[in-house]
Structures are given as structure tokens and as C-alpha cells.
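The primary structure of each chain is shown beneath.
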Amino acid sequence: MHGKILRYSLATGVGVITNQSKKIFELRKESWHDTRYLPTPGMFVEFRCNNGGYIVDAKASEYQGFPPDSLIKEIDFWKTESDDELRYKEQGIRDAIVQKIFKETNYFTIKEVPLSISVNKSLEKYFFQELSAINFSTEGLKPQDPNSYLIDYVELKRFLNKAIDFLVFTDKNITIDSFVDHIQLLNKLNYSYNYFMKNININPQKVFLEYFLETQLHYRAASKAETGLKERIMELNTRIKNSVNEIKSIYIKMESKAKKDSKAVLENRLKTLKERVAKSDEELKLLNQCLRNLEKCLENFRKKHKADFETKFKAFYENIITQTTHALNIYATELDDSIWKLAMESIPIRNTFFKQDIIGSYCTMTFLWLYLQKLNKNKLSPNDKKAYDSYLKYKQGYEKVFLVLTTNHRLETHLKIQIMTESKYHAVVVAKTNAEFFSQIHNLKLQGIYIDSTISMAIPPLIAEIKKTKYNANADIILIPKEKIDAIKD
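What you see is a predicted model, and the numbers here were worked out from it, not measured in a lab.

### Notes on the overall build of the protein
Then, in step 1: A tally of regular secondary structure across the protein gives 16 helices and 9 strands.
Then, in step 2: Relative to the compact-globule value of 23 Å for 490 residues, the protein shows a C-alpha radius of gyration of 38 Å, a clear excess of over 25%.
Then, in step 3: Among the 490 residues that make up the protein, the fraction classed as buried is 42%.
Then, in step 4: Summed over all atoms, the accessible surface of the protein reaches about 27300 Å², with 52% contributed by carbon and sulfur.
Then, in step 5: Placing the 75 positive and 62 negative side-chain charges of the protein at their respective mean positions leaves the two points 5 Å apart.

See below:
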């Protein structure tokens, strides 16, 4: 039956569906059998129940929106039990319109077949689900900060998912529901993207024949008239042929020694047949002329719109891929921002993640870095090479590096969290010895340098050395006093 999801939790895998009668059904993740979408509140669904009233199968309905010019309305959704039934009803309405156009059109005087729906509108309807996903996704979209790094979702989604999984696993106060809105949008958009990639070589000619012409109701009505004319012409030709054969037969009988009264009957029959042939011939002339005109109109219609449709289809296809990819990247970036903010506030993450030898903030790019650390850079697969190139682009264009000189692990962790909480793009490298310190200040461009005032090294020579470097002569130097270090709590 048809229904609508009222609520659903990804964390518990439990939700509620209502039907037309407002009856409530419990939805469990085991019953959700749709690889395209995750269940989400407000989604129209098609579902089945067992004898006990429990949902055993549920999926997203093909009908998720009913625009003003749609042949079917939301009320039709609720009055039908399945998408097949609703589709059949939609087809019935379309056929009725075609029949009405057919009856009201004089195909003897028609000059051209008009468009029922423009090429652009037809393409919008063809890509309705994909456009709906994009439009729904971009409605609440925040303006993108031109200085922020836009994550390539397709390239980096595995690392985005790792960041979510580790966060949810580590901090039990954070559930997957914290990210459900973004995840649902990404799933919808990703389904569209995958469809486009699988059908990248889709044939516009096939779409024109099987979809565009099918949605042109005036064209379909004219085609119906063409079929009717051909059938009527065939019927008349058969009638003429049969009549001619009978006329020949009558002449043979009349030449024989037929009785006088019988001959009169044959002559009357002959007159009737000749009138029938003459009348059929006259009708045939009109119908053949009409058929030639109608065939020409239909051919002109196809020629007129075929090239335009194919050109616009290709442009539309490329544009919608671009829009889908851009929306994916923006929402992936927004999701990454949310992950970073929650993680930087998480005590469990502070107590585990940042006590490791990690230089980046808790975000997708750091999980990419952790992955790349394990690989031989000279033997990267094509996918890993792309990921590595993405990381280099990020590092060179967006990452801001800070240096901490300390052997105090508590201070190291505290400064890492403090600096990385200020920005997702902040990275922290730690030097514990003179050699490490001198190597970093001479090889890295640093945004700031934090020095532990309690270290055993002489600090003035270190600062003097910083001032001599090529990259960091003007870098901010922050000396952490002993009192502040002592005040840091675990």
C-alpha cells in the first residue's frame, strides 16, 4: 500500500509509517529494501504488511512530488495501493486526453502537429527525480565560503564515512542521527550521480522516440488518426476488391442463359456494387490525400524537434551532472564541518584521537592522510593517486601549519586541540628536540610557533634562529609560561 514516513531514526533503525486511513505501522530497517534511498521523514513510500499487520517490505515510491502540471495529484497517490496502479492511472488520464484531442481535431485540414509540451519542459519531466534531488538539496544551502576547501565527495566519501564511523564508535553520546539530514541528501544525490555514470552513453535518439514522442499528446492523437486512416483505407480497398470480384462474377452469370427475373436481380445487384465502388473510390481519394498530409505533418514534427531535442538533451545531461556533482561536494563539505565541530568538542575524541601522533584536525582530510601514510607513494593505484593529488591540493592551498616545541605530552595535546578547534584547516606539528625544531622551521611555512617555556633548551637562540629562516622570519612566536602549563588539566 501507499504511505508516508512520519519519523525514522538511523541510529535505532526504527520509524513510523502512516497510510491513507491514518493507521500507524512500525518500520524497521530490516524491512527497508531500497538501495537508492534511506528512509527519511516526509518520504512517500510503497509498503507491504504480513497478516499480523507488520511491515515486511518497504521502499521509496517513485512519486515523491506532484507539481501543478502533473497529470496525477497527491490525492491519487493516497487512493492507490501501489506505484504500478498509480502509473496505470496516470497512463489512463494521458490516453483520455489523447482521445479528446483526437475527437476535436480536423485531420483533413491540419497544417502541422503542435507541441503539447516544450523540449525543455519535457527534459525537466524526464529528469524529474534527479532535478528534485538537486532542488531539494539546494533549497537550504548556505552560501559557500570562497576560502573553504570543497571536498570531492565521489573521490573522498570513503574517508568521510570513516570520520563519521570512528566518531560515532568513540563517543557514545553522538549517534548517526546527528548527521541524518546530510546523509539522506548525499544518498539521493549520489544515486542520481551513479545513474548518470552508468548511463553516460545514453542514446538521445532512443529517449526522443520512447519518451519525448510519447509525452507529445497532439502527436499521439495524430498518430492515432494516422493508424485509423490506414485501417479505413485498408478496409475500403478490401471492400472495392471484393466488390470488383463480385461484379466480374455477375457479368459471367449475366452472359449465361439466366432467367429473365434472375437477370433483373443481378442487374440491381450490379448497380449497387458499382455505386459502392464509386463511393469507396471517392472516399479513398479523400482519405489518401488526408493520410499523405498527416504523414507529412508527423514527419515534419519529428524532423523539426529531433535535432533540437538531442542537442538540448546532451547539454541538459551534462549540466545536471555538473549540478549534482557540485551539490554533492557542497553537502559533503558541510557534513565534514559538522563532524569537525562535534569531534573537537568531544571528550572521548580528545582522550583518544588527539593523543596519537596526528597532525591534522578531526576531518575527512586527516583520515585521508592516515590512509596515505601506509602506502608506497611510488606504487599508488589510479584511485589512490587521485586521492593523493587531492590531499596535496588541499595541503598546498588550504592547510595552515603550526609548530609546537615541547616534551610535555599534556601541553602538546592541549595546544593541538586549541589550535585545531579554531579552524578545520589548522595542522599541528610537534618538535621534541633541537634537531626536529630546526628542521621544521627551515622546511615549513608556519602560521605560528608555540614554545614551551619550561624546556631545557635555551630559548633566545631558538627565537634568533627563527628570525633567520627563509619562510618564518615574520611568524608569530608564542611563549607558553609555566603557570599556564601547570594550570592545564588532563
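### A word on the nonpolar core
Side chains of nonpolar character tend, in soluble globular proteins, to be buried together.
Then, in step 1: In this structure, Tyr-107, Phe-127, Ile-339, Tyr-362, Phe-437 and Ile-449 are the most contacted members of the largest nonpolar core, which totals 115 residues.
Then, in step 2: Per element, the largest residue contribution to this core is 27 residues, and it comes from helix α9 (residues 260–345).
Then, in step 3: In this structure Ile-449 touches Leu-403, Phe-437, Ile-441, Ile-466, Ala-475, Asp-476, Ile-477 and Ile-478, once residues within four positions along its chain are discounted.
Then, in step 4: Residues Trp-32, Tyr-37, Ile-55 and Ala-58 belong to the second largest nonpolar core, which totals 13 residues.

### Some points on the sheet that holds strand β7 (residues 426–431)
Then, in step 1: Within the open sheet, the 4 strands sit side by side as β7-β6-β8-β9. Their pairing is parallel. For this open sheet the edge positions go to β7 and β9 (476–480), each flanked by a neighbour on one side alone. Direction aside, the axes of adjacent strands within the sheet are offset by 20° on average.
Then, in step 2: Here strand β8 (residues 446–452) pairs with β9 via 5 bridges, running parallel. Among the inter-strand pairings, Ile-451 is bridged to a residue of β9, identified as Leu-479.
Then, in step 3: Where helix α13 (residues 409–422) meets the sheet, it contacts β6 (400–405), β7, β8 and β9, and its direction lies at approximately 160° from that of β7.

### Topic: the pairing of strand β3 (residues 24–28)
Then, in step 1: The side-chain alternation of β3 yields one buried face, formed by Phe-25 and Leu-27, and one unburied face, formed by Ile-24, Glu-26 and Arg-28.
Then, in step 2: Linking strand β2 (residues 14–18) to β3, which pair antiparallel, is a turn of 5 residues; within it Lys-22 sits at a positive phi near 70°.

### Focus on empty space enclosed by the protein
Then, in step 1: Inspection of the entire model under this criterion finds 1 cavity of 30 Å³ or more.
Then, in step 2: Empty space within the largest cavity amounts to approximately 80 Å³.
Then, in step 3: Gly-360, Ser-361, Thr-366, Tyr-394 and Glu-399 are the residues nearest the centre of the largest cavity, which is lined by 14 residues in total.
Then, in step 4: Of the residues in the lining of the largest cavity, the class split is 8 nonpolar, 4 polar and 2 charged.

### Some remarks on the packing of helix α3 (residues 119–126) against helix α7 (residues 204–215)
Between two packed helices, what matters for the description is the angle formed by their axes and the separation of those axes.
Then, in step 1: Running from N to C, α3 and α7 point in directions that differ by 110°, and their axes come no closer than 10 Å. As far as their axial angle goes, α7 and α3 are roughly perpendicular. On α7, the residues that touch Val-119, Ser-122, Lys-125 and Tyr-126 of α3 are Val-207, Tyr-211, Phe-212 and Thr-215.

### Examining the packing of aromatic side chains
Then, in step 1: Applying the stated rule across the entire model yields 35 aromatic pairs.
Then, in step 2: Both rings, one in Tyr-149 and one in Tyr-398, keep their centres 5.2 Å apart while their planes meet at 70°; by these two values the pair is edge-to-face. Here Tyr-149, found in the loop between α4 (128–139) and α5 (153–170), pairs with Tyr-398, found in the loop between α12 (382–397) and β6; they are 249 residues apart in sequence, far enough to count as distant.
Then, in step 3: Residue classification places Tyr-149 among the buried residues on the basis of a relative accessible area of 6%.

### What to know about the pattern of salt bridges
Then, in step 1: Scanning the entire structure with this criterion turns up 29 salt bridges.
Then, in step 2: A salt bridge links Asp-95 to Arg-220; the shortest N-O distance between them is 2.6 Å. In this pair, Asp-95 sits in helix α2 (residues 83–104) while Arg-220 sits in helix α8 (residues 217–255), placing the two residues 125 residues apart along the sequence.
Then, in step 3: According to the relative accessible area criterion, Arg-220 is buried, its value standing at 17%.
Then, in step 4: As a salt-bridge pair, Arg-232 and Glu-283 come within 2.9 Å of each other at their nearest N and O atoms. Residue Arg-232 is found in helix α8, and its partner Glu-283 is found in helix α9; the two are separated by 51 residues along the sequence.
Then, in step 5: On the accessibility criterion, Arg-232 (24% relative accessible area) is partly exposed.
Then, in step 6: Shared partners join several salt bridges into a network, and the residues in it are Asp-69, Lys-121, Glu-124 and Lys-125.

Analysis parameters
Residues numbered from 1 in each chain as written. Predicted model: local features only at pLDDT ≥ 70, side-chain atom pairs only at ≥ 80, totals over all residues. Heavy atoms only, no water. Helix = DSSP H or I, 4+ residues; strand = E, 2+ residues; numbered from the N terminus. Rg over C-alpha atoms; globule rule 2.2 N^0.38 Å. Buried < 20%, exposed > 50% of the residue type's maximum accessible area, 1.4 Å probe, protein only. Areas by Shrake-Rupley, 256 points an atom, 1.4 Å probe, with all protein chains shown as cover. Lys, Arg positive; Asp, Glu negative; His and termini not counted. Charge placed at Lys NZ, Arg CZ, Asp CG, Glu CD. Core = buried A, V, L, I, M, F, W, Y, C linked by side-chain atoms within 4.5 Å. Contact = heavy atoms within 4.5 Å. Pairing = 2+ DSSP bridges. Axes fitted to C-alpha atoms, helices over the stretch in contact; angles between N-to-C directions. 1 Å grid on protein atoms, 1.4 Å probe; cavity = no way out; pocket = protein on both sides within 12 Å on 5 of 7 lines; lining within 4 Å. Points joined across faces, edges and corners; volume = space filled by probe spheres on them. Nonpolar A, V, L, I, M, F, W, Y, C, P; charged D, E, K, R; others polar. Parallel < 35°, antiparallel > 145°, perpendicular 65-115°, else oblique. Phe/Tyr/Trp six-rings, centres within 6.5 Å; stacked < 30°, edge-to-face > 60°. Salt bridge = Lys/Arg side-chain N within 4 Å of Asp/Glu carboxyl O.

It is worth stressing that arrangement in space is one thing and function is another; only the former is reported here.
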